[in-house]
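Notes for the structure review
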Amino acid sequence: MNNILLRSYRNLTSKIVVTALTLMAATSGYAQPAGFNYDESKVPEYTLPALLTDSAGQPVADAEAWMSKRRPEVLALFQQHVFGHIPETIPKIRTRLRSEVTDALDGIAVRREITVFFTDDDAGPSMDILVYTPANADGPVPCFLGYNFNGNHSVDADPAIHLSTSWVRDDKKRGNINNKATEQTRGTASSRWPMKMIVERGYGVATIYYGDVDPDFDDGFHNGIHAMTEPDRKLDRSGDAGGSISAWAWGMSRALDVLEVDSRIDGNKVAIFGHSRLGKTSLWGGASDQRFAMVISNDSGCGGAALSRRKFGETVQRINTSFPHWFCINHRQYNDNENALPVDNHMLLALIAPRPVYVASAVDDKWADPRGEMLSLFHAGPVYKLFGKTPLPTDELPDVDHPVQNDVGYHIRSGGHDVKDFDWIQYMNFADKHLK
Ligand code: GTR
């Protein structure tokens, strides 16, 4: 082999190795891609943008000033520089009960599938809400609402749940072939959705396939709800137009519109939940739509709970490169330039105050920066204090598997990037305090 050939062969193999590592990280979450910092002693020095000083340099002294002045400023900064605007289009939603079973989960639950149409015509974009509520409830119940990654049929093996026909990411092992789900996918995500345990504790639980709202690939913002909510868009998108995370957040709000008028659910007690990219979504959705009574972020990492300025694990540059469709175009100017960002993610959590927020990390999920996720919550504390709420007591990580729960909640679980029963038990304990 001559030198040039040898060099291009080496380049190709190293590209293959990097791609394989990236895929492993994305699918299992356990592998930590090489070339990123996982060493606490190498975290750069940084100064967080001030939460309680407004754009005119005035201190924000009380809850009223936060709500009326500073909070709208911070929200606008996230719309302008991070996620982009959530579409303002609120369609006249139509719903259709697609199925109803009154003895699901061994007889303890009512299980319904509700199709939500966003247009007058059935061909337009629509989403299916799969919702379980306790069969023995004598009134509306508090409810968890969250997206799933692989279709509603993946959260429980029940063969009566409709198989999703939306675009899915190819995954032979799981049974997603040619971007379509197959029967083999049924129940493959059930460990993340312990429906029976949740319903037994008196909660409703509702889930939607996120790809119903916007398929998770970079298509230049044409598919999903983008076409519908941006009818007059020009060829060039504005830098602050919402990316996919904003589209998914929009879908959560539409689901809440439906749950609010559902007689089996207490619309004032809906907790928005999400894991990983969908945890970023639950934070942005919960920050933007104050009707959500509680917000839960499971292993949300970069762009979610983690502080960007720490550059620990996944970085702004990396996330905007791997997933150019998640954030707004303006966000790209902060690639390897985090200190120029007018916000950091403690401010995203502060937008949720005074409502209860729960941040969860996992010890082996270094890519998501567990310490950075906890620090964000800690640094949102001053805003919670303005409301007389109790924030995280210290900026030290608690012991593994030892949750801290007061008006905000945090735990670092043993294991990796995933949603486990342990996580759900903490969310329900926290909800018992705040939603019951
Ligand atoms: C990873 C991504 C993370 C996280 C994760 C997921 O590839 O780097 O930010 O969102 O995917 O959603 O599973």
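Definitions and cut-offs
Residues numbered from 1 in each chain as written. Predicted model: local features only at pLDDT ≥ 70, side-chain atom pairs only at ≥ 80, totals over all residues. Heavy atoms only, no water. Helix = DSSP H or I, 4+ residues; strand = E, 2+ residues; numbered from the N terminus. Rg over C-alpha atoms; globule rule 2.2 N^0.38 Å. Buried < 20%, exposed > 50% of the residue type's maximum accessible area, 1.4 Å probe, protein only. Areas by Shrake-Rupley, 256 points an atom, 1.4 Å probe, with all protein chains shown as cover. Lys, Arg positive; Asp, Glu negative; His and termini not counted. Charge placed at Lys NZ, Arg CZ, Asp CG, Glu CD. Salt bridge = Lys/Arg side-chain N within 4 Å of Asp/Glu carboxyl O. Near = heavy atom within 4 Å. Polar contact = N/O pair within 3.5 Å; in protein donor to acceptor, adjacent residues only side chain to side chain. Nonpolar A, V, L, I, M, F, W, Y, C, P; charged D, E, K, R; others polar. Axes fitted to C-alpha atoms, helices over the stretch in contact; angles between N-to-C directions. Parallel < 35°, antiparallel > 145°, perpendicular 65-115°, else oblique. Left-handed = near helix turned anticlockwise from the far one by under 90°. Contact = heavy atoms within 4.5 Å. Core = buried A, V, L, I, M, F, W, Y, C linked by side-chain atoms within 4.5 Å.

Looking only at helices and strands, one finds 11 helices and 12 strands in the chain. For 436 residues, the compact-globule estimate of 2.2 N^0.38 gives 22 Å, and the chain sits close to it at 21 Å. Overall size of the chain, expressed as C-alpha extent along the three principal axes, is 65 × 65 × 50 Å. Within the span of the chain, comprising 436 residues, buried residues form 55% of the whole. Carbon and sulfur atoms make up 53% of the accessible area of the chain, which amounts to about 18,000 Å² in all. For the chain, the centre of its 45 positive side-chain charges and the centre of its 55 negative side-chain charges are spaced 3 Å apart.

This brings us to the pattern of salt bridges. For side chains of opposite charge, pairing can occur when their charged atoms come near one another. For the structure shown, the criterion picks out 31 salt bridges. A salt bridge links Lys311 to Asp336, with the shortest nitrogen-to-oxygen separation between them at 2.6 Å. Pair noted here: Lys311 is in the loop between strand E9 (294–298) and helix H8 (316–322) and Asp336 is in the loop between H8 and helix H9 (345–350), with a separation of 25 residues, a long-range link. Residue Lys436 is joined to Asp432 by a salt bridge in which the shortest nitrogen-to-oxygen separation is 3.8 Å. Relative accessible area serves as the criterion here: at 54%, Lys436 is assigned to the exposed category. Members of the salt-bridge network, linked through shared partners, are Arg254, Asp257, Glu260, Asp289 and Arg291.

Our focus in this paragraph is the site of the ligand. Taken together, the neighbourhood of the ligand is formed by 10 residues, with Ser276, Arg277, Lys280, Glu314 and Trp367 sitting nearest. Between the ligand and Ser276 there is a distance of 2.7 Å, counted from an oxygen atom to a side-chain nitrogen or oxygen. Within the side chain of Lys280, one N or O atom sits 2.9 Å away from an oxygen atom of the ligand. When isolated, the ligand has an accessible area of 310 Å², and the protein chains bury 92% of it. Residues belonging to the shell around the ligand are distributed by class as follows: five nonpolar, two polar and three charged.

Quick look at unusual backbone geometry now. Note the cis peptide between Ala353 and Pro354, where omega equals 0°. Turning to its location among the elements, Pro354 is positioned in the loop between H9 and strand E10 (357–362). Of note in this structure, Leu105 is not a glycine but carries a positive phi near 50°. For Asp299, which is not glycine, the phi torsion reads 50° and is therefore positive. The class for Asp299 is buried, based on a relative accessible area of 1%.

Two numbers describe a pair of packed helices, the interaxial angle and the distance between the axes. Where helix H2 (residues 63–81) meets helix H7 (residues 277–288), the axes come as close as 11 Å, and the angle between the chain directions of the two elements is 140°. Relative to H7, H2 is oriented oblique. The two elements H2 and H7 cross, and the hand of that crossing is left-handed. Judged by residue contacts, Arg71, Leu75, Phe78 and Gln79 of H2 engage Trp284, Ala287 and Ser288 from H7. In terms of residue class, the contact of H2 with H7 is made up of four nonpolar, two polar and one charged.

Residues Phe78, Ile129, Leu145, Trp284 and Val357 are the most contacted members of the largest nonpolar core, which totals 77 residues. With 10 residues, helix H6 (residues 244–260) is the single largest residue contributor to this core. Apart from the residues lying within four places of it in its own chain, the contact partners of Val357 are Leu283, Val295, Leu349, Ile352, Leu377, Tyr384, Asp407, Val408, Gly409 and Phe430. Within the second largest apolar cluster, 29 residues are counted, among which are Leu105, Leu130, Val419 and Phe430.

In this section: the environment of Arg112. Relative to the assigned elements, Arg112 resides in strand E2 (residues 109–117). Exposure remark for Arg112: the relative accessible area of 8% places this residue in the buried category. Sequence spacing of Arg112 and Leu52 is 60 residues, and the spatial spacing of their C-alpha atoms is 45 Å. The contact partners of Arg112, leaving out residues within four places of it in the chain, are Leu97, Ser99, Glu100, Ile129, Leu130, Val131, Thr133, Asp262 and Arg264. Here Asp262 takes part through its side chain, which lies 2.9 Å from a polar atom of the side chain of Arg112.

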